[in-house]
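Read off the chains here:
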Amino acid sequence: MIGGGFVGTEVAATARTLGISVTMVLREAHPLTTVLGSDVGAAVAALHEGHGVDVRPFSDVEALLGEHSVAGVRLADGATIAADAVLVAV
């Protein structure tokens, strides 16, 4: 999941409910910070982390990996996240 707005957080929650592993990549400190503020964003991040979402704050996406389909995401810090699917919700 790239982005932590309303769409990103809802899709992440639904995916976890279905047993799908989720990594949420954020440019901000917490999801929903730009619309609801840092206190609510921190609470939303804690809720998602409590349900198994790997939240990656202050991260920039450098590239989507894969030739014919997405196989992962490379972050600007060099970290690579394997992925079967990527939703860009920014």
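Right above here is the structure, for reference.
Conventions and cut-offs
- Residues numbered from 1 in each chain as written.
- Predicted model: local features only at pLDDT ≥ 70, side-chain atom pairs only at ≥ 80, totals over all residues.
- Heavy atoms only, no water.
- 1 Å grid on protein atoms, 1.4 Å probe; cavity = no way out; pocket = protein on both sides within 12 Å on 5 of 7 lines; lining within 4 Å.
- Points joined across faces, edges and corners; volume = space filled by probe spheres on them.
- Helix = DSSP H or I, 4+ residues; strand = E, 2+ residues; numbered from the N terminus.
- Nonpolar A, V, L, I, M, F, W, Y, C, P; charged D, E, K, R; others polar.
- Expected span 1.5 Å × (residues − 1).
- Contact = heavy atoms within 4.5 Å.
- Buried < 20%, exposed > 50% of the residue type's maximum accessible area, 1.4 Å probe, protein only.
- Salt bridge = Lys/Arg side-chain N within 4 Å of Asp/Glu carboxyl O.

**Digging into the layout of surface pockets**
There is about 390 Å³ of room inside the largest pocket. Around the largest pocket sit 17 residues that line it, and Met1, Ser21, Val22, Thr23 and Ala85 are the ones nearest its centre. When contributions to the lining of the largest pocket are tallied by element, the ones reaching two or more residues are helix 1 (6–17), strand 1 (23–25) and strand 5 (80–82). Classifying every residue of the lining of the largest pocket gives 14 nonpolar, 2 polar and 1 charged. Per-element accounting of the lining of the second largest pocket gives the leading share, 3 residues, to helix 2 (residues 33–36). A class-by-class count of the residues in the lining of the second largest pocket yields 9 nonpolar, 7 polar and 3 charged.

**A look at helix 3 (residues 38–50)**
Between its first and last C-alpha, helix 3 extends 18 Å over 13 residues, near the 18 Å set by a 1.5 Å rise per residue. Buried positions along helix 3 lie against helix 1, strand 1, helix 2 and strand 2 (54–56). Of the residues trailing helix 3, Gly52 is marked for its positive phi of about 95°.

**Observations regarding the side chain of His48**
Secondary-structure assignment places His48 in helix 3. Looking at His48, the relative accessible area reads 8%, which means it is buried. Apart from the residues lying within four places of it in its own chain, the contact partners of His48 are Thr9, Ala12, Ala13, Met24 and Val53.

**Side note on the pattern of salt bridges**
Two side chains carrying opposite charge are able to pair once their charged atoms lie near each other. Applying the stated criterion across every chain yields a total of 3 salt bridges. Salt-bridge contacts for Arg56 lead to Asp54; the nearest nitrogen and oxygen are separated by 3.0 Å. The exposure class of Arg56 is partly exposed, given its relative accessible area of 26%. Among the residues examined, Asp54 registers a relative accessible area of 30% and is labelled partly exposed.

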